[in-house]
Amino acid sequence: MTTQLAWKNLWRNPTRSLVFLAAALIGFAMALFALNVMKSIAEQRLNDAVNTQTSHLQIHREGFMADKDIALTIDNADALTSRIQAVSGVSAVAKRISSNAVVATPENSIACELKGVNPVEERTVTVLADFLTEGEFLNDEQKTPVLVSKRTADKLKLRLRSKLIATVKDVRGEIVGASFRVVGIFATPNSVFDDNTVIARMNDMQTLTSVSAPHEIAIKLTNPSDLPRTQATIAEMLKSKVGSDGEIASWKALLPELFAFDGFINMIGVLFTIVIIIGLGFSILNIMNMIVQERTREIGMLRAIGQSKASVFWMLVQEAFLLMALGAASGIALGCLLVEVVSKTGISISGGLTTLGIRPVIYPALNPAFVVMISILAAALTLVIAMLPALRALRMNPTTALRE
Amino acid sequence: MIPYFTRDIVSHFFHYHSNYDMPVIQLKNLSKTYTSDAIEVHAVRNVTLNFGEGEFTAIAGASGSGKTTLLNMIGGIDTPSTGEVWVGPKNIGAMNDKERTAFRRDTIGFVFQSYNLLPVLTAAENVGFIMELQKRPKRETEERSFELLSAIGLSDKLNVRPNKLSGGQQQRVAVARALAHRPKFVIADEPTANLDSASAAGLLDMMQMLNRTEGITFIFSTHDQRVIDRAQRVITFGDGQVQNDEQHDETRNLPQ
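Residues numbered from 1 in each chain as written. Chains lettered and ligands numbered in written order. Predicted model: local features only at pLDDT ≥ 70, side-chain atom pairs only at ≥ 80, totals over all residues. Heavy atoms only, no water.

We now examine the overall build of chain B. The number of helices and strands found in chain B is 9 helices and 10 strands. Summing over all exposed atoms, chain B offers an accessible surface of approximately 10900 Å²; the carbon and sulfur share of this is 48%. (Helix = DSSP H or I, 4+ residues; strand = E, 2+ residues; numbered from the N terminus. Areas by Shrake-Rupley, 256 points an atom, 1.4 Å probe, with all protein chains shown as cover.)

In structure tokens form, the structure reads like this:
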């Protein structure tokens, strides 16, 4: 009965309710849309980094990540790779040699990470081949091939089939160099990776540096949400392997700045949503205060004829709840529709954000967790805010209220 | 004026014999003192009164004489500063807020000067509102609302909201609301104050008819001579005290 009465009371002043609903419609829709776009930007940036650079997990010899000492290779890497491949949830494994290098052409030179990869294995753990803008991916037929990014190619004035000289430290600590030929130019959304990475074949790198074993084993998972469990399983495996001092790290440890960016973006999104909901909450508070003010005599009458304090309180709280729920439901529905449309058309991110590794066009995906989060926030805030005027109504003396 | 067919319906539904000698309400040395701007206002001073079952009593007096305060204390809306209000075996002053609320809901019917109908509910919903609070079955509530609205000649206004009713019609609906849950007594504060002569007469006819047929005790405050003339007992109130308490001929001025 109180719910019916609350619903009818909502439409006593239709203009006031409709103005609030319009604000709630826009507020909730924008909050949901912004949350999903921001989350999609962070996820895209992370996915691009994981898919082109790190994979989900990596194994290195202890201390290798600190200074990339070329002597710190992984023993029995083939056997270890086979065992990792058999772990449940592991989709693909690739071995890599990695060294700090200086890459030079007659025009210019850059410091970078020179990675030696097995072309067949690499294609199973990264999607670098999908980002080739010119040329082709590495294969066994080519002679000392390398892949460079478009940004590196521009800096060094490289084209397909151009030569470059890579200088590295070999396993004895000697500075050695070799000439490579550009067979492919890539452009990933991961600008940090593009600026700092040149890809060669593993056997060419072994010849150049005289190392026989890889420095890195990259692991791709079938389902990224299995990461903690799979990481623990492989860590256990590494520990039980006698004499091994390999260590496993997830992309979160390998790309701490991206992990932090993801958290930052989520925090900004949640703060933005909280600000909108608090704004709407104050509107509700204002409306409820007006309602209690306008209906003082009526509340007095209801108490006089025997409506309990709890029932009056609940009736007023329900009125606020219904108003917020109606606004939230319509706003969330509009927000979902917006995300759905933009997930197909894409939204253009202008300015220099692409230099941060953000793609120029974002296709946001609807995250149901945001719908739940917004609904819970709105409900909790409404409950707290509606209580204040409802409690004020309860404190009214029916005799005094009836005289208003 | 209340229609003839309405009187027939009322008589058909309610058969009651009054027992004026049995006190249903007892006020014992009742006083109420307010403090307003550090000044003590003695609204009611040491009033002792009994009201018998089925009485039709007017509390007459000028504005500010303490009539409404007295009614509020009888109805359990306000609490006395000193003294006691007994309704049957229950001392209202000894009740906590929850008990007093339930007591008001189940025992008393209230009629207010400004009708105080809920504007978002229809006439029938307003009449059935207290029964809804009592969580009576929906069917019983609807039947009772129809019965009462028919009895007061508003059967064609069941689904009409108060803003589409005249003042007289609204006050009739308010009386029907006060009677719907079959209270022991009805307290009416200046029920005719906002009504024109014809509407006031019609309302009084109806209240008097219901008093006689259903035996409900009516206590109303008024300074309207038309109401005073129709009362069976008139208590004149002044300066917070009973100045006169007289019985009238109960058969006079009954609706013809």
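The discussion continues.
All names here are of chain A. Domain assignment breaks chain A into domain 1 (2-48 + 259-403) and domain 2 (63-244). With centres defined by C-alpha atoms, the gap from domain 1 to domain 2 works out at 49 Å. Across the contact, 8 residues belong to domain 1 and 4 residues belong to domain 2. Contact between domain 1 and domain 2 buries roughly 400 Å² in total, counting both sides, with carbon and sulfur atoms accounting for 53%. On inspection of domain 1 and its partner domain 2, the count reaches 0 salt bridges. Taken together, the connections running from domain 1 to domain 2 amount to 0 residue pairs in polar contact (both at pLDDT 80 or more). (Domains from an automatic or database assignment. Contact = heavy atoms within 4.5 Å. Buried area = accessible area lost by both parts, 1.4 Å probe. Salt bridge = Lys/Arg side-chain N within 4 Å of Asp/Glu carboxyl O. Polar contact = N/O pair within 3.5 Å; in protein donor to acceptor, adjacent residues only side chain to side chain.)

On to the nonpolar core, then. By size, the foremost hydrophobic cluster in this structure holds 40 residues, and its most contacted members are I25(B), L27(B), F51(B), L70(B) and I74(B). Discounting chain neighbours no more than four positions away, the residues touching L70(B) are L27(B), L30(B), V44(B), V47(B), L49(B), I59(B) and F237(B). (Core = buried A, V, L, I, M, F, W, Y, C linked by side-chain atoms within 4.5 Å. Buried < 20%, exposed > 50% of the residue type's maximum accessible area, 1.4 Å probe, protein only.)

Residue and element names in this part refer to chain B. Spatially, the 6 strands line up as an open sheet ordered β6-β7-β8-β3-β9-β10, and their pairing is mixed. Strand pairing shows two members of the sheet lacking a second neighbour, β6 (108-111) and β10 (241-247), which therefore form its edges. The mean angle between the axes of side-by-side strands here comes to 15 degrees, regardless of whether they run parallel or antiparallel. Relative to β10, strand β9 (residues 233-238) is paired through 6 bridges, and the arrangement is antiparallel. Pairing of V234 across the sheet is with E246, part of β10. Of the strands in this sheet, β6, β7 (185-189) and β8 (217-222) touch helix α7 (residues 167-180), which is tilted by about 170 degrees from β6. (Pairing = 2+ DSSP bridges. Axes fitted to C-alpha atoms, helices over the stretch in contact; angles between N-to-C directions.)

Inspection of helix α1 (residues 2-10) of chain A places T2(A), L5(A), A6(A), N9(A) and L10(A) among the buried residues, and these make up the whole buried set. Axial view of α1(A): buried residues confined to an arc of 145 degrees, hence all on one face. The elements touched by buried residues of α1(A) are α2 (14-54), α12 (296-304) and α13 (309-345) of chain A together with α5 (129-133) of chain B. (Arc of directions from axis to C-beta.)

What follows concerns the interface of chain A and chain B. Reports of interface size often rely on the accessible area that becomes lost once the parts have come together. At the interface, 21 residues of chain A touch 22 residues of chain B. On the chain A side of the interface with chain B, the three residues burying the most area are M1(A), K8(A) and I305(A), jointly 30% of the side's total. Here chain A is connected to chain B by 3 salt bridges. Across the pair E125(B) and K8(A) runs a salt bridge, and its minimum N-O distance is 2.9 Å. At the surface where chain A touches chain B, the tally comes to 6 residue pairs in polar contact (both at pLDDT 80 or more).

Residue and element names in this part refer to chain A. Taking 1.5 Å per residue, 14 residues should reach 20 Å; helix α9 (residues 227-240) reaches 20 Å between its end C-alpha atoms and fits that length. Taken together, the buried positions of α9 are occupied by L227, T230, I234, M237 and L238. Looking straight down α9, one finds that the buried residues subtend no more than 100 degrees of arc, so they occupy a single side. Exposed and oriented more than 90 degrees from the buried face of α9 are P228, K239 and S240. (Expected span 1.5 Å × (residues − 1).)

This part is about the side chain of E113(A). Residues and elements named next belong to chain A. Structurally, the position occupied by E113 is in strand β3 (residues 109-117). Residue E113 is classed as buried on the basis of its relative accessible area of 15%. Side chain to side chain, E113 and S98 meet in a polar contact 2.4 Å long.

For the rest of this paragraph, the subject is unusual backbone geometry. Of note, the phi angle at S210(A) is positive, near 65 degrees, even though the residue is not glycine. Examined against the element boundaries, S210(A) turns out to sit in the loop between α8 (202-209) and β9 (216-221). The phi torsion at E190(B) lies on the positive side, around 50 degrees, for a residue other than glycine. On the accessibility criterion, E190(B) (8% relative accessible area) is buried.

Residue and element names in this part refer to chain B. For the structure on display, the rule yields 6 aromatic pairs over all chains. With 4.9 Å between their ring centres and 70 degrees between their planes, F56 and F220 make a pair best called edge-to-face. Remark: F220 occurs in strand β8 and F56 occurs in strand β3 (residues 56-60); sequence separation between them is 164 residues. Accessibility classification places F56 together with F220 in one group, the buried group. Joined through ring pairs, the aromatic side chains of F56, F218 and F220 make up one cluster. (Phe/Tyr/Trp six-rings, centres within 6.5 Å; stacked < 30°, edge-to-face > 60°.)

On the secondary structure map, R295(A) appears in the loop between α11 (256-294) and α12. Judged by relative accessible area, which is 4%, R295(A) ranks as buried.

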